[in-house]
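Notes for the structure review
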Number of protein chains: 2
Amino acid sequence: MGVTLKELAASLGLSPTTVSRALNGYPEVNIKTRQRVADAARAANYHPNTRAKSLATGQSRAVGHVIPISTSHEIVNPIFADFIAGAGEAYSRAGYDMVLSVVPDAEEEAAYRNLVARGTVDGLMVHGPRLHDDRIGLLHDLGLPFMVHGRSSGVNTPYSWLDINNRRSFRRATEFLLDLGHTRIALVNGLEGMDFAMRRRTGYLDALEAAGIAPDRALMRTAEMTEPYGHQAGRELLRLPDPPTAMLASSMIVAYGLRRALTEVGLQPGRDVSVITHDDDLSYMPNGLDVPQFTATCSSVRDAGRKAAEMLLALVNDPDLGPINHLMETRLVLGDSTGRNRL
Amino acid sequence: MGVTLKELAASLGLSPTTVSRALNGYPEVNIKTRQRVADAARAANYHPNTRAKSLATGQSRAVGHVIPISTSHEIVNPIFADFIAGAGEAYSRAGYDMVLSVVPDAEEEAAYRNLVARGTVDGLMVHGPRLHDDRIGLLHDLGLPFMVHGRSSGVNTPYSWLDINNRRSFRRATEFLLDLGHTRIALVNGLEGMDFAMRRRTGYLDALEAAGIAPDRALMRTAEMTEPYGHQAGRELLRLPDPPTAMLASSMIVAYGLRRALTEVGLQPGRDVSVITHDDDLSYMPNGLDVPQFTATCSSVRDAGRKAAEMLLALVNDPDLGPINHLMETRLVLGDSTGRNRL
DNA sequence: TTGAAAGCGCTAACAC
DNA sequence: GTGTTAGCGCTTTCAA
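Keep in mind that what you see is a predicted model, and the values were worked out from it rather than measured. (Residues numbered from 1 in each chain as written. Chains lettered and ligands numbered in written order. Predicted model: local features only at pLDDT ≥ 70, side-chain atom pairs only at ≥ 80, totals over all residues. Heavy atoms only, no water.)

Another point: the protein's contact with DNA strand D. Near DNA strand D lie 26 residues; those nearest to it are A:L5, A:S20, A:Y26, B:T17 and B:T18. Between A:S20 and DNA strand D, the recorded distance is 2.5 Å, taken from a side-chain N or O atom to a phosphate oxygen. Within the side chain of B:T33, one N or O atom sits 2.8 Å away from a phosphate oxygen of DNA strand D. Put simply, the parts of the chain that give the surface near DNA strand D at least two residues each are α2 (16–23) and α4 (50–57) of chain A together with α2 (16–23) and α4 (50–57) of chain B. Residue contributions to the surface near DNA strand D peak at four residues, all from α4(A). Taken together, the residues of the surface near DNA strand D break down into 11 nonpolar, 12 polar and three charged. (Near = heavy atom within 4 Å. Polar contact = N/O pair within 3.5 Å; in protein donor to acceptor, adjacent residues only side chain to side chain. Helix = DSSP H or I, 4+ residues; strand = E, 2+ residues; numbered from the N terminus. Nonpolar A, V, L, I, M, F, W, Y, C, P; charged D, E, K, R; others polar.)

Okay, structure coming up:
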């Protein structure tokens, strides 16, 4: 515990009120007084007590992220860390704290209610929206500003979101493969039920339809986005009577699993079978030009976190701001994973 | 904002004090009153205002994690998310909030000072300790309980930590390769300067020395633990006049890079060159028996997060508790990546 | 331009 | 067992 406002004021022979005003930039303070106060505060390493300040102002200057864990397809997702990194950066720049609430799936709703009722945060970020996601209605009712990272189809109430253009991204990736002459293109998607997975599937189907190719259910897999599942999906796909010549994976981790399945049976990814991935640029596992093994549609998830956080803060600071949203486009980065030999 | 204690008390015809006592489990409350209060609180969805409570008690019931980002070898590390998940779980079980502070490297010290001076947290977790890490002395001076995830060699003041037995883990992995007959064993380590990397190197050198094998500097690489760096290290190692027959990677991500380097030149990992990795069990990218491509020394980083958080809370709740620490052993999991053909 | 006083929602002596 | 009072550290009317 450091110096208090009262102590600081006493040491200056001023009232706490004046010191508070000086420190918070109120105009009616004598310029010399303000300077004196600022100097003294710095010298004393004075930082206002967060709790007292929030209690007095009714604002916590903190933002909450609730992460459910039991289903394991959430924090588990490696994009989580990068998103948090970007968001956290934006928060600390703006002087906000980030409160992370990691709870079992079943307690997620209670966690939101808790954070709101206890006044811990001024705003909330929603991760990993599903189709018809209940949380959006809940947060709407709770009345605190919130942002959704992603979208939730089937929700009628308007809400604020930031999303990447999953549909367009996967449509383009599929078109790219079609242009190369592939017709048997597998989609190894994330878990159905997650909104992004649905959108990616739609983009894939759009492209097939436009090319006059009937989708084959056997080529469409859905799984948690982990390496072993990608591996398993890859094995199953290769065992098909008429296996795919190209594979479109929903995440780089899954693509690694696919590569493993290929090399196990002596096929070389990028020569025998094309492997394209979508992944947000993860700092510890970048894709794009640095990793020419894949062709990828990618966007920076750290940028997304930053941007989403900025939008949330805008909502927090202006409650009258209507629902705002932002759609990020992806880059298509061509690597050498195009399966030329099969064409 | 929900109901306040005062309102709740008024609706019950009781004083705020009594209600507070009833809710906080003080013994001197009439059993019937307590019941009545509990019921009313539940019915009104009453949650005590965190800020007011902390202000009154002087405790924030929150714990801080400071994550520096500019050097990118920290949050970047995929183990971060799992550790946070485990810790967050323990915190919310104990009714504590987790405050994440993501700051540029240069502002890390200021971030610690801030959190302490503003009274935002009751305790702190330190991530990614380096050799002679300044943060430990700083936190010691700040006087708030803290835990280090890892250790920092060269620091004299005693401090609380939780670490895995990096040295033993890498010694065993190296011994395993030696037992298989390998003598040219590469070590693709994390960044020197990080304490864990030093310990891993020591374990590796211990094993070589015990086997009477002189270490070869050309076989020892140090890099950020990303896929591209692993790939680059792998290429360089394979171009050596006398290339290694086995590679020991400090993380699975790096091991993937090594595998890529091998397959590029037509070598098969696990048949032509053995690839062993160390990695904590990451939920989105498990190793061990599920992924028989690698032999691995692994520990659950989520467990580590949980345990470290519990230890930190113990420190917070008992300031007299001396420095406490915990050393986790790893499991050695044998996959098929043993390079049999070369032996 | 500055200060006094009240209050944010809660807890913790100290009465009763 | 329950209530009264003061106070945590800050902001914010209202007065001067």
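The next thing to look at is the relation of the copies chain A and chain B. You can overlay chain A on chain B at an RMSD of 0.1 Å; the transform is a turn of 180 degrees with a shift of 0.0 Å along its axis. Both copies of the chain, as the preceding transformation shows, are related through a two-fold rotation axis. Taken as a fraction of all interface residues of chain A, those also at the interface in chain B reach 98%, which identifies the copy contact as same-surface. (Least-squares fit on C-alpha atoms with pLDDT ≥ 70 in both. Contact = heavy atoms within 4.5 Å.)

Glancing now at the packing of aromatic side chains. Under the counting rule described, the total for this entry stands at one aromatic pair over all chains. Plain terms: the ring middles of A:Y256 and B:Y256 are 4.8 Å apart, the flat faces sit at 50 degrees to each other, and that makes the pair tilted. One end of the pair, A:Y256, is in helix α11 (residues 252–264); the other, B:Y256, is in helix α11 (residues 252–264), on a second chain. Residue A:Y256 shares its accessibility class with B:Y256, and that shared class is buried. Here A:R151 stacks its cationic end above the ring of A:W161, 4.6 Å away from the centre of that ring. (Phe/Tyr/Trp six-rings, centres within 6.5 Å; stacked < 30°, edge-to-face > 60°. Buried < 20%, exposed > 50% of the residue type's maximum accessible area, 1.4 Å probe, protein only. Lys NZ or Arg CZ within 6 Å of the ring centre and 35° of its normal.)

Here we take up the side chain of A:S169. For A:S169, the location among the structural elements is in helix α8 (residues 166–179). Residues contacting A:S169, with those up to four places away along its chain left out, are A:H278, A:T297 and A:T330.

In the vicinity of DNA strand C lie 28 residues, with A:T18, A:R21, B:L5, B:S20 and B:Y26 positioned nearest. Close to the protein, within 4 Å, the atoms of DNA strand C are drawn from sugar and phosphate at a rate of 60%. Between a phosphate oxygen of DNA strand C and a main-chain N or O atom of B:L5, the distance comes to 2.2 Å. Mapped by element, the contributors of at least two residues to the surface near DNA strand C are α2 and α4 of chain A together with α1 (5–12), α2 and α4 of chain B. At four residues, α4(B) tops the list of elements feeding residues into the surface near DNA strand C. Looking at the surface near DNA strand C residue by residue, the class counts come to 11 nonpolar, 12 polar and five charged.

Okay, the environment of B:T277 next. Residue and element names in this part refer to chain B. The topology assignment puts T277 in strand β9 (residues 274–278). By relative accessible area, which is 0% here, T277 ends up buried. The spacing of T277 and G64 is 213 residues in sequence and 31 Å in space, taken between C-alpha atoms. Not counting chain neighbours up to four residues away, the residues in contact with T277 comprise A249, S251, M252, A255, F294, T295, A296 and T297. For T277, the side chain forms a polar contact with the main-chain nitrogen of M252, separated by 3.2 Å.

Scanning all chains against the criterion turns up 47 salt bridges over all chains. Linking A:R42 and A:D39 is a salt bridge whose minimum nitrogen-to-oxygen distance equals 3.4 Å. Here A:D39 and A:R42 lie together in helix α3 (residues 31–43), a separation of three residues that amounts to about one turn. Residue B:R271 pairs with B:D272 through a salt bridge whose shortest N-O separation is 2.9 Å. On the accessibility criterion, B:R271 (37% relative accessible area) is partly exposed. (Salt bridge = Lys/Arg side-chain N within 4 Å of Asp/Glu carboxyl O.)

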